[in-house]
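A closer look at the structure
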Amino acid sequence: MKTIRSVAVIGAGTMGAGIAGQVANAGLDVWLLDIPSEGDNPNALAQRGLERLKNPDSPGLVSEAAAAHIHIGNTRDDLHRIAECDWVAEAIVERLDIKHQLYREVAEHLSDTALLSSNTSTIPISLLTQGMPESLAQRFAITHFFNPVRFMHLLELVRGDSTSDAVMDSLAEFCENQLGKGVVRCRDTPGFLANRVGCFAIQCALHEAFAQGIAPAEADALFGRPMGIPKTGVFGLYDLIGIDLMADVAKSLVSILPAGDAFHAVGEPLPQMLAMIDNDQRGNKSGQGFYRDHHAQRQVFDFASQTYTDFARPRIAVAERAEQEGVGVLLADDSPHGRYAWSVLSQTLCYAAELLPEVGIDPLAIDDAMRLGYNWQHGPFALLDQIGVAAFVERLVREQRSVPPYLASKAACYRVQEGVYQRRLFGGEYQAVQRPAKVQRLYELRRSLERCGGNASASWYAYRDVAIVEFHTKANALDTASMQVIELAMDGVEERGLKGLVIHNDAQHFSCGVNLEAVRGFYRRDDYAGLDAFLKHFQDVVSRVNKAPFPVVAAPVGMSIGGGFEVVLHAQYVIAHANSVTGLVESGVGLVPGGGGCKEMLYRHAAREADIDTAAWKAFMALGFAQTANAPGQAQDLGMLRTDDEWQINRDHLLHEAVELALTASPRPHYRSPIAMAGRDAYAKMLLWLQRALQKGHLSAHETVIGSAIARIVSGGDIDPGTEHSEQDLFDAERREFLVLAKSHGTQVRINTMLDTGQKTRT
Ligand code: NAI
């Protein structure tokens, strides 16, 4: 196997810059080359690629420091640099002749052992390697990354006839361990796996929506969360990708897929879309597509009137039920919505099943590709099991549709046999699901574990002498039941003599905070004593996590914000994914963190700052502006994570690492001594700042009310400077202020707007 230590990426466009960024995120040096530009700066194109990585809206780098690993250049002056590199990744324009020309030039400089790969989406490897010396073809593969490279987990790895096993293994090892990718090895078939199935699914969802008269917002509410598909659905995804780009992608798939492929029926762009492209409604990049944001109002395009109308999230009861109970209830619903869902999903699942054995005999590869490349919660074959393969096939037969050969036996796609999780290969044989040593996915692992306890919000499992708590509500919103499961698991650790506790899940987000619907229930019932008890329970649980006589490790992925981040803040150890987003964002909905978040921010800033006034001010600002960090390193810089909290570039490694830590680490209870508060002068300064911001129009009246509540917690309010507050005093202050705000009209409007429309409002 070749150890990869230095890398060059050629082509500094969307993908090349992204790949170089991820190499830099791994802490390795990388050359990023593009064609020389006319004018003063021959490296202008690579320079632009580097600048794009720094875009705060979609940061390709985990830290500013990572940028120092990227060296930019051009292919005229700097191609010789690749002589030092172990791997050269080509990500230039999708033209075979231009790629061939580049490979010839690269071959002149490449070392005899270096690896070369292409990021091509559509060109078969057999064509890429045409005319290539055999000694280079053996070291050549396709490494197909997804956009944006930092955030998309999937890497499709494709070998040619000549590619050696050692080359495949080296690239797989490097991309998994250094670049944090989930590597799926694919055959050299058109579109590989994820785009083949994914493009079919979205094209089909789009065509059927127009054919059946389902409006975009409705289609997204159906072909989205109820199926475990991201809430961008189909039309939202089109806007994200770009309607013009998606039309090009579909066109190129049409050009490479065999004539009988079902994609041809849905691959052509619809006249409505062509008109939109002409009209510069190309999606998010042109400011409008199927949706747009207009004066802070989300709007959706209405094809009948050819205008944008205000968007309100459609409430489709059966779709909401499906989110809780599984997609089966939606598919069984004899309504236009149910029929749309069935027609899109059944065609998509049949399409995926028909691909076996052409793309390989393993359904797991397709499921992995859809989970990692399109963020589907379940791949097509896992969905088939959820629906029931037999029931699915029987419905196809009733509808006189053909049954894909893989499904003819009606046997389940996955099963657990004697504690081993297996999938059914094409041909019928079940084979154990085996992953590289550190790759562990809770949704797979738990299939063969005993569920020791739980409820509708969370579950806990025992695994290798460790308790694992998994949240599983929508967006992993936390309620009393979620917190009760943490308590149950902590009891379980002690009763069963386990060594520690891990809090982890592999949903898209660790937790988006406390369940606001539960909070609204309390104020609608005027039950403020109940709300106080709810918060007190939350605080007691995180406090117990913090002081447990065994290690408690939080392993967050995606967003852990609000209450979700308060759980992380109180874990004794944190191993976060490199793309974790953390922050206390309660002020956005008119609240203050009420589960120890204010307390922790004050203690953490106090430990870093020279005096308590500065610490209180920083906590005031961070909480007031709902500050978030989009990488663990940034969270450490902002005092949100401790300097010894760890992070992992591969989210699949988190569980393994967290369990190892829980098995081996000592308990680290965090007893906080009382803190000498900044007191009334600091409080007055904060109030003055709020008043000035109000006068300048930077804050609304209610935002100053929220700000003053935060100010009272972190300064202590109208008390003598130096007055000591215990941890419990700070917990109590959080609850007090939370209740004041929850009773206020301004906060209730914010929460209602958020829950009813999904939008924020700044009253
Ligand atoms: P892009 O158009 O954003 O960037 C291509 C870059 O290559 C440009 O900066 C261009 O100046 C440069 N270039 C062209 N000829 C060159 C040469 N001879 N030497 C050096 N640089 C050269 O394209 P994008 O989207 O980054 O795609 C690159 C490759 O990745 C293509 O093969 C594409 O099929 C593939 N791909 C694209 C994905 C996407 O979402 N955009 C996803 C996965 C693969």
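All figures in this text were calculated on a predicted structure; none of them were measured in a lab.

Scanning the protein from terminus to terminus reveals 31 helices and 26 strands. The C-alpha radius of gyration computed for the protein amounts to 27 Å, which stays within 12% of the reference 27 Å derived for 763 residues, consistent with globular compactness. Going through the 763 residues of the protein one by one, you find that 57% of them count as buried. Within the protein, residue pairs in contact and separated by at least 24 positions form 70% of the contacts whose partners lie at least 6 positions apart. Element-wise, carbon and sulfur atoms account for 50% of the exposed surface of the protein, whose accessible area totals about 30100 Å². Each charge class in the protein was averaged separately, 71 positive and 92 negative side chains, and the resulting centres sit 2 Å apart.

Read across the sheet, 7 strands follow the order β15-β16-β17-β18-β19-β21-β24 without closing on themselves; strand pairing throughout is mixed. Bordering the open sheet on either side are β15 (451-454) and β24 (646-648), each of which pairs with just one other strand. Going across the sheet, the axis of each strand differs from the next one's by a mean of 20°, ignoring polarity. Where strand β17 (residues 466-471) meets strand β18 (residues 500-504), 4 bridges bridge the pair, whose relative direction is parallel. Looking at β18, one finds that Ala467 is bridged to Leu501.

Before going further, it helps to examine the side chain of Gln636. Structurally, Gln636 can be placed in helix α26 (residues 632-637). Those residues within four positions of Gln636 in sequence are excluded, and the remaining contacts are Arg608, Leu641, Arg642, Thr643 and Asp645.

A separate point is the side chain of Gln422. The residue Gln422 is located in strand β13 (residues 420-424) in this model. Looking at Gln422, its side chain comes within polar contact range of the side chain of Arg415, at 2.7 Å. With residues near it in sequence (within four places) discarded, Gln422 still touches Cys413, Tyr414, Arg415, Gln417, Tyr430, Gln431, Ala432 and Val433.

Surrounding the ligand, one finds 22 residues, the nearest of these being Met15, Asp34, Glu94, Lys99 and Asn119. One of the backbone N or O atoms of Met15 is found 2.8 Å from an oxygen atom in the ligand. In this structure, an oxygen atom belonging to the ligand sits 2.9 Å away from a side-chain N or O atom of Lys99. At the level of secondary structure, the elements contributing two or more residues to the shell around the ligand comprise α1 (14-25), α3 (96-109) and β6 (140-145).

In terms of domains, the protein is made up of domain 1 (7-186), domain 2 (194-431), domain 3 (442-584 + 627-664) and domain 4 (596-625 + 673-763). With centres defined by C-alpha atoms, the gap from domain 1 to domain 2 works out at 31 Å. Domain 1 puts 9 residues into the contact, and the matching count from domain 2 is 11 residues. Across the contact surface, domain 1 and domain 2 share 0 salt bridges. Along the contact surface separating domain 1 from domain 2 lie 2 residue pairs in polar contact (both at pLDDT 80 or more). Of all the secondary structure elements, the ones that give two or more residues to the side of domain 1 that touches domain 2 are β7 (154-159) and β8 (182-186). Looking at the side of domain 1 that touches domain 2 residue by residue, the class counts come to 4 nonpolar, 4 polar and 1 charged.

Take the sheet that holds strand β14 (residues 430-432) next. With antiparallel pairing, 3 strands are arranged side by side in an open sheet as β12-β13-β14. Either end of the sheet is taken by a strand with one partner, and the two such strands are β12 (414-417) and β14. Looking at each pair of strands side by side, their axes are set apart by 40° on average, direction ignored. Alignment of β13 against β14, held across 3 bridges, turns out to be antiparallel. Along β14, the bridge assignment pairs Arg423 with Gln431.

What follows concerns the pairing of strand β2 (residues 30-34). Of all the 5 residues making up β2, 5 are buried; the element is thus mostly covered by neighbouring parts of the structure. Every second residue of β2 is oriented toward a common face, with Val30, Leu32 and Asp34 on one face and Trp31 and Leu33 on the other, all of them buried. The handedness of the strand β1 (residues 7-10) to β2 crossover, carried by α1, is right-handed. Relative to strand β3 (residues 70-74), β2 runs parallel, the two being bridged by 5 bridges. Pairing of Asp34 across the sheet is with Asn74, part of β3. Crossover β2 to β3 through helix α2 (residues 44-53) is right-handed.

What the rule picks out here adds up to 20 aromatic pairs. Each ring, one from Phe210 and one from Phe235, has its centre 6.0 Å from the other, and the planes form 70°; the classification is edge-to-face. Highlighted residues: Phe210 in helix α7 (residues 194-212) and Phe235 in helix α9 (residues 235-241), separated in sequence by 25 residues. The class for Phe235 is buried, based on a relative accessible area of 1%. Aromatic side chains Phe620 and Trp689 sit 6.0 Å apart centroid to centroid with 85° between the ring planes, which places their arrangement in the edge-to-face category. One end of the pair, Phe620, is in helix α25 (residues 612-624); the other, Trp689, is in helix α28 (residues 680-695), and 69 residues separate them in sequence. Judged by its relative accessible area of 3%, Phe620 falls in the buried class. Among the aromatic residues, ring-to-ring pairing joins Phe210, Phe235, Tyr238, Phe290, Phe301, Phe303 and Tyr308 into one connected group. Lying over the aromatic face of Tyr443, Arg371 brings its terminal NZ or CZ to 3.4 Å of the ring centre.

Enumeration over the complete set of coordinates arrives at 50 salt bridges. Between Lys438 and Glu657 there is a salt bridge; the shortest N-O distance is 3.4 Å. Of this pair, Lys438 sits in the loop between β14 and α19 (442-445) while Glu657 sits in helix α27 (residues 654-664), and the two are 219 residues apart along the sequence. The salt bridge involving Arg520 is made with Glu517; its shortest N-O contact spans 3.0 Å. With Arg520 and Glu517 both in helix α21 (residues 516-524), this residue pair falls 3 residues apart, about one helical turn. A residue is classified by how much of its surface remains accessible, and Glu517, at 39% relative accessible area, is partly exposed. Connected through salt bridges with shared partners, the residues Lys547, Lys599, Glu600, Arg604, Arg672 and Glu727 form a single ionic network.

In this section: unusual backbone geometry. Looking along the chain, the bond that leaves Asn147 and enters Pro148 is cis, with omega of -5°. Notably, Arg464 is not glycine yet its phi reads approximately 45°, a positive angle. By secondary structure assignment, the location of Arg464 is in the loop between β16 (458-463) and β17. With relative accessibility at 39%, the residue Arg464 sits in the partly exposed group.

Three or more residues of helix α17 (residues 380-387) are buried, namely Pro380, Phe381, Leu383, Leu384 and Ile387. Along the axis of α17, the buried positions cluster into a sector of 155°, meaning they face one direction only. On its buried face, α17 sits against α7, α14 (328-331), α15 (336-354), α16 (363-374), α18 (389-398) and β12. Remark: Gly388 follows α17 within two positions and exhibits a positive phi of approximately 100°.

The rules we used
Per chain, the residues get numbers from 1 upward, laid out in the order the sequence is written. In keeping with the model being predicted, local features are shown solely for residues with a pLDDT of at least 70 and side-chain atom pairs are shown and tallied solely at 80 or more, while totals for entire chains, interfaces and linings include all residues. As a rule here, side-chain values come from all non-hydrogen atoms in the structure, and water together with hydrogens is ignored. Counting from the N terminus, the helices are DSSP H or I runs at least four residues long and the strands are E runs at least two residues long. Just to be clear, the radius of gyration here is over C-alpha atoms, and the globule rule we use is 2.2 Å times residues to the power 0.38. Accessible area is worked out with a 1.4 Å probe on protein chains only. A residue is then buried under 20% of its type maximum, exposed over 50%, and partly exposed in between. Contacts are assigned to residue pairs that have any heavy atoms within 4.5 Å of one another. For accessible areas, the Shrake-Rupley method is used with a probe of radius 1.4 Å. Any residue's cover is judged against the shown protein chains and nothing else. The sign given to each residue is positive for Lys and Arg and negative for Asp and Glu; His and the chain ends receive no count. To locate a charge, take atom NZ for lysine, CZ for arginine, CG for aspartate or CD for glutamate. Think of it this way: DSSP has to see at least two bridges between two strands before they count as a pair. Every angle, taken between N-to-C directions, lies between 0 and 180 degrees, and every axis is a line fitted to C-alpha atoms, over only the stretch in contact when it is a helix. Here a polar contact is recorded for every N or O atom pair within 3.5 Å, except that within protein the pair must consist of a potential hydrogen donor and a potential acceptor, and residues adjacent in sequence are included only if both atoms are side-chain atoms. A molecule or strand has a residue near it when one of that residue's heavy atoms lies within 4 Å. Domain boundaries shown here were taken from an automatic or database domain assignment. Whenever Lys or Arg places a side-chain nitrogen within 4 Å of a carboxyl oxygen from Asp or Glu, that contact is recorded as a salt bridge. Here the nonpolar group is Ala, Val, Leu, Ile, Met, Phe, Trp, Tyr, Cys and Pro; Asp, Glu, Lys and Arg are the charged ones; every other residue, Gly included, is treated as polar. Handedness rule for crossovers: strands pointing away from the viewer, path from the first strand over the helix to the second running clockwise, crossover right-handed. Working definition: a ring pair exists when centres of Phe, Tyr or Trp rings (six-membered ring for Trp) sit within 6.5 Å. Plane angles under 30 degrees give stacked, over 60 give edge-to-face, the rest tilted. Geometrically, a charge over a ring is one whose NZ (Lys) or CZ (Arg) sits within 6 Å of the ring centre while staying within 35 degrees of the ring normal. The arc in question is traced by the directions running from the helix axis to the C-beta atoms.

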